[in-house]
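Structural features, examined
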Amino acid sequence: MPFLRSTQLSVICSAVLGASLVYSAAFAQSPTPVVTPVPQASPTPTPNPTASPPPGVQPGGVALPVPVLNIGQYLPGGANFGKDPDVLNILNDIQANYTQSLNQLSTANGPAQFTQALGKALIYDANLSVNGSTACAVCHVDYAGFTGGSSFFNGTISAQAGAVAITNAPVVNGQLKGPNYRISARKPQSYAYAPFAPVLHYNNTVQDFYGGNFWDMRAGGVRLGNPAAEQAQGPPTNPVEMGNLDLATYIYKLSKTPEAKFFEQFWGKGTLSSIKWPGNIVELAMTPGPAPANNPNPVLSMLSQADQNLVISDYDRAAQSMAAYEAGPEVSPFSSKFDYALAFPTQKVLSADELAGWNLFRSKAKCNTCHLDGTENIKKSHITPADAADVAPLFTDFTSANIGTPQNFALPFLYENTPDQFGYVANTAGIFYLDLGVGAFLRNVALPVVLGESENNVGTGRNPNPAWAILAPNFDGKVQTPTLRNVDKRPYPTFVKDYSHSGYFKSLKAIVHFYNTRDTLNGGVHLPAGEPGEGITYWPPPEVSANVDQTIGHLGLTDNEENQIVAFLQTLTDGFFVPPVRFNNEPAQSAKIPPRFQQRMASQP
């Protein structure tokens with residue numbers, strides 16, 4: 001801990017000094033987006049110290065330890081709104097999807113289509129945030145794999161701005177000393193394929209937790225039997241995300257939306273419209289959270305018991321609808337090139353490099369230890385699609401790990417330590433904050449609890465089993481093993497994606513290189529963040545030094561083998577084909593390869 005703190009202190013001066021410098025040249029290099037229906041990227045080249053990386057990114061493909069604090073100027077209403085083309089794309093994408101969801105609700109055939117369309121409407125409706133500006137989809141953009149959709153923000157702040165602007169951010173000598181938007185400590189985790197996670201449970205035999213949603217597994221699904229639904233209950237009342245005062249104000253807003261009539265059509269007449277709201281509900285709905293500690297449910301507590309029950313039930317129903325959408329074919333379609341290879345195992349779908357990368361993935365690189373690819377446990381040296389035991393692998397084992405990720409000092413959350421205009425302090429620890437991941441959740445001091453999410457055990461993320469608390473030290477620093485599906489999905493090849501829970505890594509190549517060389521660069525000696533050669537000749541120390549996974553860090557991969565693994569990971573991007581439709585036990589309606597896919601396959605090396 002003393003060494004970590006000294007490392008943190010060593011970057012404070014340079015971080016604050018350079019906070020405005022990143023923005024000054026940020027968009028000199030901004031690419032013009034090229035919208036493609038099926039994004040195709042190329043392996044990131046070997047980190048090059050002479051290359052010109054995107055804004056906020058070091059040549060080694062890792063975060064520049066400088067916080068971008070003036071977040072608001074590139075958001076709607078900001079002085080430079082429109083200069084980040086991705087922000088405009090996100091807003092247009094959200095509106096288009098929201099409009100489409102209302103059309104889908106009008107034409108849905110059967111309850112499955114209906115509830116998925118309803119969940120989609122709720123995810124893309126910005127009016128459900130405290131000030132009508134922030135939909136769930138702001139942080140989970142479809143064309144970026146349902147995670148951050150701005151290349152610039154991915155490269156700099158990693159996390160995404162919440163709904164509440166900070167109008168009194170501290171300024172010293174003309175320099176911001178804190179962010180001008182509330183913002184979380186973590187990059188958005190993709191919700192694609194998240195509904196397939198099991199309810200959080202502890203396997204005493206292997207002494208490990210399985211399941212849940214969120215990086216710290218706090219949406220365990222114990223209450224609703226669905227981790228993805230409980231995950232959906234977090235952001236609406238999280239003060240650094242959608243920012244509603246409590247769940248009742250969220251449901252009030254829902255009752256005023258175009259999708260409200262469809263909600264009642266599906267969940268029952270009167271579920272929304274019969275609730276009697278207090279006279280000042282409009283004012284309360286516009287008041288940002290968190291609620292006072294001594295009254296965590298201020299609006300809910302004003303209602304009759306019957307109306308409270310309706311609000312809680314409606315909050316559950318909304319979450320279940322969103323989870324249904326996430327599990328549906330628009331979000332989790334199993335339509336990648338890899339899936340196509342599994343569906344047609346006798347066809348030559350994967351290129352030589354992709355196939356070599358897959359073999360490395362499940363052998364020398366040890367990726368398949370946690371990111372399970374569904375193959376049989378066979379002893380032969382090479383794997384082929386015909387050897388798959390699971391034709392819909394999720395590329396995660398639903399456990400958690402601490403891979404030793406260095407701290408991302410560019411996160412504005414580290415500087416969110418002064419009261420905003422509402423008196424709220426998101427991070428009292430400031431620069432000394434350490435993300436303990438699953439360990440913090442088990443102690444009941446997980447991020448959502450610190451941030452004020454406390455709604456009668458509805459979407460709180462509290463440890464549901466007090467007996468688990470004693471296990472917390474064994475899980476400090478661990479975060480959930482994410483699915484690798486859509487890990488490289490992006491709207492254009494130069495679009496920056498960030499990786500790990502903190503967004504420290506800015507390319508697939510960088511994180512694969514870290515797995516390979518964490519313990520071997522510079523003879524395994526860690527140096528502070530921001531020194532020349534970070535990610536190329538050395539790695540900083542882990543943010544949390546406890547429980548660091550020792551199966552990685554010294555894999556002995558060559559540069560070409562790293563690139564082959566990246567090439568394989570790129571085959572996991574959805575949109576390569578449309579899965580054939582099956583009815584009951586009938587054969588697939590489309591066993592023949594469509595001409596456009598024949599052309600695409602023919603173009604593969």
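Keep in mind that what you see is a predicted model, and the values were worked out from it rather than measured.

What about the overall build of the protein chain?
The secondary structure content of the protein chain amounts to 17 helices and eight strands. When the 605 residues of the protein chain are sorted by exposure, 60% land in the buried category. Counted over contacts in the protein chain with a minimum sequence separation of 6, partners at least 24 positions apart contribute 72%. With an accessible surface of roughly 23800 Å², the protein chain has 56% of that area assigned to carbon and sulfur atoms.

A word on helix H3 (residues 85-107)
It helps to recall that an α-helix has 3.6 residues per turn; residues three or four apart then point in one direction. Here H3 contains 23 residues, and its C-alpha end-to-end distance of 33 Å stays within 8% of the 33 Å for a straight helix at 1.5 Å per residue. What H3 keeps buried is the set Asp86, Val87, Ile90, Asp93, Ile94, Asn97, Tyr98, Ser101, Leu102 and Leu105. Contact partners of the buried residues in H3: helix H4 (111-124), helix H5 (151-155) and helix H8 (260-267). You can read the cap of H3 off the contacts: a side-chain oxygen lies 3.0 Å from the backbone nitrogen of Asp86, and it is on Asp84.

Digging into the side chain of Asp208
Looking at where Asp208 falls in the secondary structure, it is placed in strand S6 (residues 208-210). Residue contacts for Asp208: discarding those within four places in its chain leaves His201, Tyr202, Asn203, Thr399 and Phe475.

Describing the nonpolar core
Ile251, Trp277 and Val311 are the most contacted members of the largest nonpolar core, which totals 67 residues. Listed by contribution, the elements that provide at least two residues to this core are H3, H4, helix H6 (227-232), helix H7 (247-255), H8, helix H9 (281-285) and helix H10 (305-327). Among the elements that take part in this core, H10 stands out by supplying eight residues, more than any other. Non-local contacts of Val311, meaning those with residues more than four positions away in its chain, are made with Leu247, Ala248, Ile251, Ile275, Trp277, Leu300 and Leu303.

Side note on the confidence of the model for the protein chain
Predicted confidence across the protein chain gives a mean pLDDT of 87, with 84% of residues reaching 70 or more. Considering only residues more than four positions removed or in separate chains, one finds that residues 449-455, a stretch of pLDDT under 50, has 29 contacts. Contacts for the low-pLDDT stretch residues 583-605, under 50 throughout, to residues beyond four places or in other chains number 31 contacts.

A look at the side chain of Gln480
By secondary structure assignment, the location of Gln480 is in strand S8 (residues 479-480). The exposure class of Gln480 is buried, given its relative accessible area of 6%. Polar contacts involving the side chain of Gln480 include one to the side chain of Gln189, which spans 3.3 Å. Within polar-contact distance, the side chain of Gln480 engages the backbone oxygen of Gly212 at 2.8 Å. In this structure, Gln480 is in contact with Gln189, Gly211, Gly212, Asn213, Phe214, Trp215, Met217, Thr399 and Ser400, ignoring residues within four places of it in sequence.

So, unusual backbone geometry
The omega angle of the peptide bond from Gly289 to Pro290 is 10°, so this bond is cis rather than trans. Mapped onto the elements, Pro290 comes out in the loop between H9 and H10. Phi is positive for Ser158, which is not a glycine, with a value near 65°. Within the secondary structure layout, Ser158 lies in the loop between H5 and strand S1 (161-165). The class of Ser158 is buried, set by a relative accessible area of 0%. The phi dihedral of Gln207 falls on the positive side, at around 55°, and the residue is not glycine. With respect to the element layout, Gln207 can be found in the loop between strand S5 (201-203) and S6. The exposed category is assigned to Gln207, whose relative accessible area is 54%.

A look at the pairing of S1
Burial runs high along S1: four of the five residues are buried. Where S1 lies against strand S4 (residues 181-183), two bridges are found, and the strand directions are antiparallel. When the bridges of S4 are listed, Ala161 appears paired with Ile183.

Here we look at the pattern of salt bridges
According to the stated counting rule, one finds 16 salt bridges in the structure shown. With its nearest N and O atoms 3.0 Å apart, the salt bridge here joins Asp216 to Arg186. You can see Asp216 sitting in the loop between S6 and H6 and its partner Arg186 sitting in the loop between S4 and S5, a full 30 residues away along the chain. By the burial criterion, Asp216 is buried, and Arg186 matches it. Sharing partners across several salt bridges, the network here consists of Arg186, Asp216, Arg218 and Asp435.

Topic: the environment of Glu264
By secondary structure assignment, the location of Glu264 is in helix H8. Residue Glu264 is classed as buried on the basis of its relative accessible area, which comes to 15%. As a C-alpha pair, Glu264 and Asp314 span 50 residues in sequence and 9.7 Å in three-dimensional space. Those residues in contact with Glu264 that lie beyond four places of it in its chain are Lys269, Gly270, Thr271, Leu272 and Ser273.

Focus on the packing of aromatic side chains
Taken as a whole and assessed by the stated rule, the structure comprises 30 aromatic pairs. Ring centres of Phe505 and Trp539 lie 6.1 Å apart, and the angle between their planes is 65°; this geometry places the pair in the edge-to-face category. A residue pair is termed long-range when its members are at least 10 positions apart, and Phe505 in the loop between S8 and helix H15 (508-517) and Trp539 in the loop between H15 and helix H16 (559-569) qualify at 34 residues. The class for Phe505 is buried, based on a relative accessible area of 0%. The buried category is assigned to Trp539, whose relative accessible area is 1%. Three or more aromatic residues link up through ring pairs in this structure, and these residues are Phe338, Trp358, Phe361, Phe395 and Phe568. The ring of Phe214 is capped by Arg218, whose NZ or CZ atom sits 3.6 Å from the centre of that ring.

Overview of the environment of Leu508
For Leu508, the position within the fold is in helix H15. For Leu508, a relative accessible area of 3% translates into the label buried. Residues Leu508 and Val496, 12 residues apart in the sequence, show an inter-C-alpha distance of 10.0 Å.

The rules behind each value
Residues numbered from 1 in each chain as written. Predicted model: local features only at pLDDT ≥ 70, side-chain atom pairs only at ≥ 80, totals over all residues. Heavy atoms only, no water. Helix = DSSP H or I, 4+ residues; strand = E, 2+ residues; numbered from the N terminus. Buried < 20%, exposed > 50% of the residue type's maximum accessible area, 1.4 Å probe, protein only. Contact = heavy atoms within 4.5 Å. Areas by Shrake-Rupley, 256 points an atom, 1.4 Å probe, with all protein chains shown as cover. Expected span 1.5 Å × (residues − 1). Polar contact = N/O pair within 3.5 Å; in protein donor to acceptor, adjacent residues only side chain to side chain. Core = buried A, V, L, I, M, F, W, Y, C linked by side-chain atoms within 4.5 Å. pLDDT = per-residue confidence, 0-100. Pairing = 2+ DSSP bridges. Salt bridge = Lys/Arg side-chain N within 4 Å of Asp/Glu carboxyl O. Phe/Tyr/Trp six-rings, centres within 6.5 Å; stacked < 30°, edge-to-face > 60°. Lys NZ or Arg CZ within 6 Å of the ring centre and 35° of its normal.

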